[in-house]
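Single-letter residue listing:
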Amino acid sequence: MLALVALACQGQVVGPNPSGVSSPGAAGGGSLEPNGALPADGIRDVSTRCEPKAQASAEFAPLARLTRREYVRTLRDLLGVDFPLANLQPDGIVGLFFANVATAVSETQVDEYRLAAEQVAEAASLDPAALTGCAPDTGETCARSFIESFGRRAFRRPLSSEEQQAYLAIYRVGSARDGFRGGVRLVVTGFLESPWFLYRVEQAPRSASGPVKLGAFELAARLSYLITGSTPDVALLDTASAGGLDTDGGVSAQADRLLASPAAASALSAFHQEWLKVSALADIEKDATLFPEWNDQLKGAIAAETEHFVGYVLGQGDGRFATLLTAPFSVIDPVLAPLYGVSAPGGVGRVEFAPGERSGLLTQPAFLAVKAHDRQTSPVRRGIGLLQSLACISLPPPPPTVMANEPKITADATTRQRFAAHSNNPTCAGCHAKIDPAGFVFESYDAIGRYRASENGAAIDTQVTLVNVADDVNGAYPNVRALLEHLAQSQTVGDCYATQWFRYALKRDPVSRDACSLKRMLGAFDASQGGIRDLVRAVASADAFRYGVKEAE
């Protein structure tokens, strides 16, 4: 079995190392570990070292089980059934992203999948004629057709003749007991319980070794889950079957088609939610006395803003990464308007903010509220969030002797004054000299992301100096907008963002043999002036995405 290797990354990513001393690499970035370091001149300077196509490919790895989000979207696209995300166990993590490549399935999860399959099949088969597309009175003729067509999408490849016969036998068992609907229901249940549905299976020929091109249907699955977050549609499977994914042009054409689909907006938003680690918003609680407006409706509106905003920038806007970091506007529904202090739009609509008040994704409530405590802001959480997501900084945990408690709220001090204890403690200062300034710059926003000009009667101080991050990031900034406008033009940040897409697409950390794929991705990103769709196309065209390396048996 082949899939992407789940490395013990422990949250480490390409970028300056925890000590703050930059290793050789892209824009001051570090080497790619653990499978060998990059050449000393770094990703961007790799030239003659780039071998022919497929020689710089990534490794195959263990099976990748569908994440909760992928599972739910796949069920919706296959059967039109909305299954509650909360009914499934949490996913594993690779870097910042959800990925089930190194997490075992417990007996509890097996039971959950079984119950989910039964519930979804029951709901989907209420109208068996609509589900199968043929008349129930045609019996096994209809069942055979349904098994072939539905199985192809559920397994993301054509069924073998043996599999078709096996599912026909399942249909006969169900129909003998409960008629046509019972047979169809049991067939759907069987498909949804199968490892071929729950896992994205990739297999290389037994005799193969070295670089191996993915099969057309395997590539179709990778492409679809990257861009739409779901199983391939019929058009993509037909293209794979006809050899349309065998060329660079064919892959690019399908990538463009999928990027233009409505499903892409939601899936691309999901990347940004995971990238900024704001997916946990539904579980975040705030002090009801201090923030009485915090409720499920507001949390839903905050979560929806990310999807609306990213979708707008990619669809109606310029589609550039810089806009995600610097836009002085957002796209919200009326529920969110009071928190922003703006007039409510009619339905979901674009709203403009006062000059200097907001700047893109990191000044939206999703990031600010998740990276805060229930009663106060958290410069540490916000600082770490910025450094990890935008600069690919990996920070060690606090020493075991340090009490990692937030300073207590006092009526006569600002958050910044309370957190000065970090700088005064030599044990803490090494890391917090880097972390805290990156968090203090967000102090204009309270624990739910509401803008504020003062705290405890004192004017908010947002002036910060970043140190030991990267040469083109370090420096003094008067406020968050100035910082984010600078970061939007930083090569370190752009390279980090592109590398995060690599990790998201392949569910693993990059390794040394990925250097050429990464270099081409960065080049495409640069050439498009930070175009996000262009970057996604470049990921889909990368050797690391289309090939794997299989060791000889």
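Everything quoted here is computed from the prediction, not taken from an experiment.

Asks: Is there a simple way to think about the overall build of the protein chain in this case?
Replies: For the protein chain, the helix and strand inventory stands at 23 helices and 14 strands. Out of the 553 residues in the protein chain, the part that is buried amounts to 55%. Expressed as a percentage of contacts within the protein chain between residues at least 6 apart in sequence, the contacts between residues at least 24 apart total 70%. In the form shown here, the protein chain has an accessible surface area of approximately 22200 Å², with 52% of it arising from carbon and sulfur atoms.

Asks: Got a minute to help me understand the nonpolar core in this structure?
Replies: Soluble globular proteins tend to pack their nonpolar side chains together in the buried interior. With 106 residues, the main nonpolar core has Leu226, Trp275, Leu362, Tyr497, Trp501 and Phe545 as its most contacted residues. Ignoring any residue separated from it by four or fewer positions in sequence, one finds Phe545 in contact with Leu214, Leu219, Arg222, Leu223, Leu226, Ala505, Leu506, Val539 and Ala540.

Asks: Quick question: what am I supposed to make of the layout of surface pockets here?
Replies: If you roll a probe as big as a water molecule over the atoms, it shows you where there is empty space left. Reported here for the largest pocket is a volume of approximately 860 Å³. Along the wall of the largest pocket there are 31 residues; nearest its centre are Arg69, Leu85, Gln273, Ser279 and Ala282. Of all elements in the fold, only helix H1 (68-79), helix H10 (262-275) and helix H11 (296-315) reach the threshold of two or more residues within the lining of the largest pocket. Split by residue class, the lining of the largest pocket holds 13 nonpolar, seven polar and 11 charged.

Asks: Mind showing me how you'd approach the pairing of strand S8 (residues 329-332) here?
Replies: Consecutive residues of a regular strand have side chains that alternate between opposite faces of the sheet. Alternating positions in S8 separate into two faces, Phe329 and Val331 on one and Ser330 and Ile332 on the other, with burial throughout. Pairing analysis gives four bridges linking S8 to strand S9 (residues 349-352), with the strands arranged antiparallel. When the sheet's bridge partners are listed, Phe329 is paired in S9 with Glu352.

Asks: Sorry if this is basic, but what is going on with the side chain of Arg152 here?
Replies: Structurally, the position occupied by Arg152 is in helix H4 (residues 140-155). In this structure the side chain of Arg152 is engaged in a polar contact, spanning 2.8 Å, whose partner is the side chain of Asp238. Excluding its chain neighbours within four sequence positions, the residues that come into contact with Arg152 are Ile147, Arg157, Pro158, Leu159, Val234, Leu237, Asp238 and Ser241.

Asks: So what exactly am I meant to see when it comes to the packing of H10 against H11 here?
Replies: The geometry of a pair of packed helices is captured by two quantities: the angle between their axes and the separation between those axes. Running from N to C, H10 and H11 point in directions that differ by 120 degrees, and their axes come no closer than 9 Å. Here H10 lies oblique to H11, going by the angle between them. Relative to H11, H10 is oriented so that their crossing is right-handed. Two secondary-structure elements touch here, H10 through Ala265, Ser266, Leu268, Ser269, His272 and Gln273 and H11 through Ala303, Thr306, Glu307, Val310, Gly311 and Leu314. Residues of the contact of H10 with H11, tallied by class, amount to five nonpolar, six polar and one charged.

Asks: When you look at helix H21 (residues 515-527) in this model, what are you seeing that I'm missing?
Replies: Helical geometry note: an α-helix holds 3.6 residues per turn, so side chains three or four residues apart project in the same direction. For H21, spanning 13 residues, the distance from its first C-alpha to its last is 18 Å, which sits close to the expected 18 Å at 1.5 Å a residue. Along H21, the residues that are buried comprise Ala515, Cys516, Ser517, Leu518, Met521, Leu522 and Phe525. Packing partners of the buried residues in H21 comprise helix H12 (321-326), helix H20 (491-506), helix H22 (532-541) and helix H23 (543-546). Positive phi shows up at Gln529, right after H21, with a value of about 55 degrees.

Asks: Would you take a moment to explain the packing of helix H8 (residues 234-241) against helix H9 (residues 248-259) for this structure?
Replies: Running from N to C, H8 and H9 cross one another at 175 degrees; their axes reach a closest spacing of 11 Å. In terms of orientation, H8 and H9 fall into the roughly antiparallel class. In this structure, H8 contributes Ala235, Leu236 and Thr239 to the contact, and H9 contributes Gln254, Arg257 and Leu258. Partitioning the contact of H8 with H9 into residue classes produces three nonpolar, two polar and one charged.

Asks: Is there a simple way to explain empty space enclosed by the protein in this structure?
Replies: A full pass over the atoms with the stated rule returns five cavities of 30 Å³ or more. In terms of lining, the largest cavity is formed by 15 residues, of which the most central are Thr67, Glu70, Tyr225, Tyr504 and Lys507. Only H1, helix H7 (216-227), H10 and H20 provide two or more residues apiece to the lining of the largest cavity. Of the residues contributing to the lining of the largest cavity, the split by class is six nonpolar, two polar and seven charged.

Asks: How do you make sense of the state of the cysteines when you look at a structure like this?
Replies: Covalent bonding between the sulfur atoms of two cysteines defines a disulfide. Using the criterion set out here, one finds two disulfides in the structure. Each sulfur in the disulfide pair Cys134 and Cys142 lies 1.7 Å from the other. Judged by the torsion about the S-S bond (75 degrees), the Cys134/Cys142 disulfide is right-handed. Residue Cys134 shares its accessibility class with Cys142, and that shared class is buried. Here Cys392 engages in a disulfide with Cys496; their sulfurs sit 2.1 Å apart.

Asks: Help me understand the environment of Ser389, please; the structure alone is not making it clear to me.
Replies: Secondary-structure assignment places Ser389 in helix H15 (residues 379-391). One polar contact links the side chain of Ser389 to the main-chain carbonyl oxygen of Trp275, over a distance of 2.6 Å.

Asks: Sorry if this is basic, but what is going on with the pattern of salt bridges here?
Replies: It is possible for side chains of opposite charge to pair when their charged atoms get near one another. Under the criterion given, the structure shown has 32 salt bridges. Between Glu140 and Arg172 there is a salt bridge, with its nearest N and O atoms 2.7 Å apart. Of this pair, Glu140 sits in helix H4 while Arg172 sits in helix H5 (residues 161-193), and the two are 32 residues apart along the sequence. A relative accessible area of 29% places Glu140 in the partly exposed class. For Arg172, a relative accessible area of 37% gives the class partly exposed. As a salt-bridge pair, Glu202 and Arg222 come within 2.8 Å of each other at their nearest N and O atoms. Placement of the pair is Glu202 in the loop between strand S6 (199-200) and strand S7 (210-213) and Arg222 in helix H7, with a sequence separation of 20 residues. A relative accessible area of 3% places Arg222 in the buried class. What emerges from the salt-bridge pattern is a single network uniting Glu122, Arg177, Asp178, Arg181 and Arg185.

Rules used throughout
- Residues numbered from 1 in each chain as written.
- Predicted model: local features only at pLDDT ≥ 70, side-chain atom pairs only at ≥ 80, totals over all residues.
- Heavy atoms only, no water.
- Helix = DSSP H or I, 4+ residues; strand = E, 2+ residues; numbered from the N terminus.
- Buried < 20%, exposed > 50% of the residue type's maximum accessible area, 1.4 Å probe, protein only.
- Contact = heavy atoms within 4.5 Å.
- Areas by Shrake-Rupley, 256 points an atom, 1.4 Å probe, with all protein chains shown as cover.
- Core = buried A, V, L, I, M, F, W, Y, C linked by side-chain atoms within 4.5 Å.
- 1 Å grid on protein atoms, 1.4 Å probe; cavity = no way out; pocket = protein on both sides within 12 Å on 5 of 7 lines; lining within 4 Å.
- Points joined across faces, edges and corners; volume = space filled by probe spheres on them.
- Nonpolar A, V, L, I, M, F, W, Y, C, P; charged D, E, K, R; others polar.
- Pairing = 2+ DSSP bridges.
- Polar contact = N/O pair within 3.5 Å; in protein donor to acceptor, adjacent residues only side chain to side chain.
- Axes fitted to C-alpha atoms, helices over the stretch in contact; angles between N-to-C directions.
- Parallel < 35°, antiparallel > 145°, perpendicular 65-115°, else oblique.
- Left-handed = near helix turned anticlockwise from the far one by under 90°.
- Expected span 1.5 Å × (residues − 1).
- Disulfide = S-S within 2.5 Å.
- Salt bridge = Lys/Arg side-chain N within 4 Å of Asp/Glu carboxyl O.

Shape descriptors only; they carry no functional weight alone.
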